[in-house]
Amino acid sequence: MNQSQSFISMLLMVIAMLSTAPFGQVMAQQSEDKPLYVVVLKDVPGARDESRRLAAAHGAVHTYRAVFSGFAAPLNAAAREALAHNPNVELIEKAFEVHAINIDSSSNEVPNGVDRIDAEKAHAAGQTGLGARVAVIDTGIDFDHPDLSGQEDTTVPSLSFVSRGKTTDGGRDDHGHGTHVAGIVAAVSDGVGVVGVSPGAKLVSLKVLNKRGSGSSADIIAALDYITAVNQAASSYAEMIHVANGSFGGSGSDRDSSYRRAFDATVASGSLVVVAAGNESDDAANHVPAAYDSVFTVSAMNPADDRFASFSNYGGDVDMSAPGVAINSTVLGGGYASWNGTSMAAPHVAGSAALYVGSAIDSLTPSTAVNQIRIALLGSGESIQLVGDPDTIDESLADAEAVVGPIQPPADAIVALLNADKTVYAEADTTATLAVQVRDELGDPVLNLPPTAFMVDGAPVLASASESGGGDYAIVIDISAFILDTDYAVTVTVTDGLLSSIAGTVIRKASVQPLTIHVSAIEYSSSKRNLSVSLTVSDTSSVAVEGALISIALHHDSGASWSGSALTGSDGSVSFTLRSAPSGHYNTSVNEVSKEGASYDATSNIDDPGFDK
């Protein structure tokens, strides 16, 4: 069995594991006494088995195994109460409705969006996204359309995740929105109809929206779970789903939830997730998934006059703008139509990302690809001030030609990047470890360099240089004689025998170590009417920090939130009380922790356990 066949067999096993109840429409048939809920189990040994048992017991419509262990099921109040007391259950959240976010408009025969971002110039240079795989999470795709025939990926099956009622199988479209999005991404270049941004890419249709263009967050989580499982089963980056496009939205904010966890996990598995900002003429921070940090959010502009689209959402969560007004693309039945919306803008960026993947697929890895694609998109974007943009932030405009433009090699054909293992050393420290990344002009790792290839401050390091793998080397230097509170500039010279590169850093021993603080505990308590949340601030030695100002927001699963700020006491803790707190699930987000002379390390904060009242 060859590698490709092996991967297909493994993937089919994954698909069999992920199969759920019959496909169908989502929200319309939910009864008021048993609405659809998403249940997330704690990340502990045996979670998958417990999730499988509970899913079967509650008639689950989806079982999640890749983004997290959990399931989606119709639950009445008694079932929710029982699950809330199960020690293995971490979150229980009501699934919410999402919608495709396009606006129909009149006909336009020219694919002006593709032209405005110069995708046709990339095609002329031989860059079409060949080898890239794009998942369209939408209403499905009409692969019988002449411009999409042959674009369906044959390795990763298309699927429907619409959880209830009757709908199409295999990710086929019964609405039209997904087909329009798919044409923008990858319509073939055959001299007829329209051409997509990345005509050489292959498409995977993941149907999550029904024939009315609406669906459930539970179904979208199922599609993200599928993408993550595909990526985890892949033996190489080439076999993964490289880009996912989500042109849908719903109300919400960037708070911890099963929905956000699913997006975060999919991005962490190696897929760039491109989403539409939304069409509410509102701050994208009020809409999900656009508000999530892990995704790549796209607003809409008019390619005819470079005006910000009046319907488009905006704000600090937007990463890039793209054409979204009068965009001509494929529709059901083999025809073409011109639509407006951030739904149309997002696939221009997804297609541009696919172009980049096709141009660099041999050098991308699962752990680095998402960050490299983001950098390529943002670094190549056209600097533009869109007329009518409601905020003061000038997002760059997608530029498909520039994202796959010629690689400009550095002056040297070998590049060294240097970092020390600490920013400040203590008086007792006698050594420092320098991490040196060595890359060639294409960004590929330079392997197997001997210790004699390195010099520190002009002196050979000899046997103290060691390779940890992937072109990353460690050099241990003696700092025992360094004078306190003095900066020492340290340089490392790397040579491959022909060319060399020099990198530098500053090392300092301090008589007084800087204080770094974080939130070390979050605890909840409740009375019959009130809810209290207590937080503790500690330093890196687990010593309580008095007089730290902490600002939090307390969130309720209804979408309501309350905020407050206070100083920690002598035990390092502070409590906030919400009077007449309604029943439901609560979680706390820490907005700021500050104390004079201290730095706040949010990455060391303890995870919020949440609370059900």
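So, a few notes on the structure that sits alongside this text. Just so it is clear, the structure is predicted and the values come from calculations on it, not from any experiment. (Residues numbered from 1 in each chain as written. Predicted model: local features only at pLDDT ≥ 70, side-chain atom pairs only at ≥ 80, totals over all residues. Heavy atoms only, no water.)

This next bit is on the environment of Ser198. Tracing the backbone through its elements, the reader meets Ser198 in the loop between helix 6 (177–186) and strand 9 (202–207). When the C-alpha positions of Ser198 and Ala353 are compared, they lie 8.7 Å apart, and in sequence the two are 155 residues distant. Apart from the residues within four sequence positions on either side, Ser198 is in contact with His123, Thr128, Gly129, Val185, Ala186, Gly351, Ala354 and Leu355. Within polar-contact distance, the side chain of Ser198 engages the backbone oxygen of Thr128 at 3.1 Å. (Helix = DSSP H or I, 4+ residues; strand = E, 2+ residues; numbered from the N terminus. Contact = heavy atoms within 4.5 Å. Polar contact = N/O pair within 3.5 Å; in protein donor to acceptor, adjacent residues only side chain to side chain.)

Turning our attention to helix 8 (residues 258–268). By the criterion of burial, helix 8 is predominantly enclosed, with eight of the 11 residues buried. Of the positions making up helix 8, those classed as buried are Ser258, Tyr259, Arg261, Ala262, Phe263, Ala265, Thr266 and Val267. Gly270 occupies a position one or two residues after helix 8 and carries a positive phi of about 120°. (Buried < 20%, exposed > 50% of the residue type's maximum accessible area, 1.4 Å probe, protein only.)

Mapping Gly59 onto the fold places it in the loop between helix 2 (47–57) and strand 2 (62–64). Here Gly59 falls in the partly exposed class, since its relative accessible area comes to 44%. In this structure the C-alpha to C-alpha distance between Gly59 and Ala73, which are 14 residues apart in sequence, comes to 6.1 Å. If we ignore the near neighbours within four places in the chain, the residues touching Gly59 are Ala73 and Pro74.

Under the counting rule described, the total for this entry stands at 14 salt bridges. Between Arg260 and Asp254 there is a salt bridge, with its nearest N and O atoms 2.9 Å apart. Here Asp319 makes a salt bridge to Arg374, at a shortest N to O gap of 3.2 Å. Of the two residues, Asp319 sits in the loop between strand 16 (307–308) and strand 17 (320–323) while Arg374 sits in helix 10 (residues 369–380), which places them 55 residues apart along the sequence. No difference in accessibility class separates Asp319 from Arg374, as the two residues are buried. Linked through salt bridges whose partners overlap, the residues forming this network are Glu90, Asp256 and Arg261. (Salt bridge = Lys/Arg side-chain N within 4 Å of Asp/Glu carboxyl O.)

A few words now on the pairing of strand 11 (residues 243–246). Residues Val243 and Asn245 point to one face of strand 11 and Ala244 and Gly246 to the other, with burial holding for every one of them. In the sheet, strand 7 (residues 133–138) pairs with strand 11 via four bridges, with the strands oriented parallel. Paired with Ala135 across the strands is Ala244, a residue of strand 11. Two elements, strand 11 and strand 13 (residues 272–276), share four bridges in a ladder whose sense is parallel. What sits directly across from Gly246, in strand 13, is Val275. (Pairing = 2+ DSSP bridges.)

This paragraph deals with the environment of Gly335. Its location among the elements puts Gly335 in the loop between strand 18 (327–330) and strand 19 (336–340). The partly exposed category is assigned to Gly335, whose relative accessible area is 23%. Remark: the alpha-carbon pair of Gly335 and His145, spanning 190 residues in sequence, is separated by 7.7 Å. The contact partners of Gly335, leaving out residues within four places of it in the chain, are His145, Ser329 and Thr330.

Glancing now at the sheet that holds strand 14 (residues 287–288). The antiparallel open sheet is built from four strands, whose spatial order is 10-5-12-14. The open sheet terminates on both sides in strands that have one partner only, identified here as strand 10 (214–216) and strand 14. In terms of strand pairing, strand 12 (residues 248–251) meets strand 14 through two bridges, oriented antiparallel. Bridging from a neighbouring strand, Ser251 pairs with His287 of strand 14. Relative to strand 10, helix 7 (residues 217–233) is tilted by about 75°, and along the sheet it contacts strand 5 (97–100), strand 10 and strand 12. (Axes fitted to C-alpha atoms, helices over the stretch in contact; angles between N-to-C directions.)

A separate point is empty space enclosed by the protein. Considering all chains together, one arrives at two cavities of 30 Å³ or more under this definition. As for the largest cavity, its lining consists of Glu90, Leu91, Glu93, Arg255, Asp256, Arg261, His585, Asn587, Asp608, Pro609 and Gly610. Its residues placed into classes, the lining of the largest cavity shows two nonpolar, three polar and six charged. Within this model, the second largest cavity holds a volume of roughly 40 Å³. Breaking the lining of the second largest cavity down by element, the ones donating at least two residues are helix 4 (112–116), helix 6 and strand 18. (1 Å grid on protein atoms, 1.4 Å probe; cavity = no way out; pocket = protein on both sides within 12 Å on 5 of 7 lines; lining within 4 Å. Points joined across faces, edges and corners; volume = space filled by probe spheres on them. Nonpolar A, V, L, I, M, F, W, Y, C, P; charged D, E, K, R; others polar.)

So, on to the side chain of Asp147. Mapped onto the elements of the fold, Asp147 is located in the loop between strand 7 and strand 8 (159–160). Summary of buried charges: Asp147 has no salt-bridge partner, and the nearest side chain of opposite charge, Lys202, is 13 Å away. A polar contact is formed between the side chain of Asp147 and the backbone nitrogen of Val194, at a distance of 2.9 Å. Other than its neighbours up to four places away in sequence, Asp147 contacts Ala186, Ala187, Val188, Asp190, Val192, Gly193, Val194, Thr330 and Tyr336. (Lys, Arg positive; Asp, Glu negative; His and termini not counted.)

The antiparallel open sheet is built from four strands, whose spatial order is 23-22-26-27. Looking at strand neighbours, the two that pair on one side only are strand 23 (459–460) and strand 27 (500–509), the edges of this open sheet. Note that strand 22 (residues 454–456) and strand 23 share two bridges and pair antiparallel. Of the residues in strand 23, the one forming a bridge with Val456 is Ala459.

Next up on the list: unusual backbone geometry. Peptide bonds are, in most cases, trans, and in most cases residues other than glycine have a negative phi. For the bond from Val288 to Pro289, the omega torsion is 10°, close enough to zero to count as cis. Position of Pro289 relative to the elements: it lies in the loop between strand 14 and strand 15 (296–302). For Asp306, which is not glycine, the phi torsion reads 55° and is therefore positive. Tracing the backbone through its elements, the reader meets Asp306 in the loop between strand 15 and strand 16. With relative accessibility at 22%, the residue Asp306 sits in the partly exposed group. Unlike most non-glycine residues, Ala326 shows phi in positive territory, near 55°. Residue placement: Ala326 occurs in the loop between strand 17 and strand 18. Looking at Ala326, the relative accessible area reads 22%, which means it is partly exposed.

Our next topic: helix 7. Between its first and last C-alpha, helix 7 extends 24 Å over 17 residues, near the 24 Å set by a 1.5 Å rise per residue. Helix 7 sits mainly inside the fold: 16 of its 17 residues count as buried. You can read the cap of helix 7 off the contacts: a side-chain oxygen lies 3.0 Å from the backbone nitrogen of Ala218, and it is on Ser216. (Expected span 1.5 Å × (residues − 1).)

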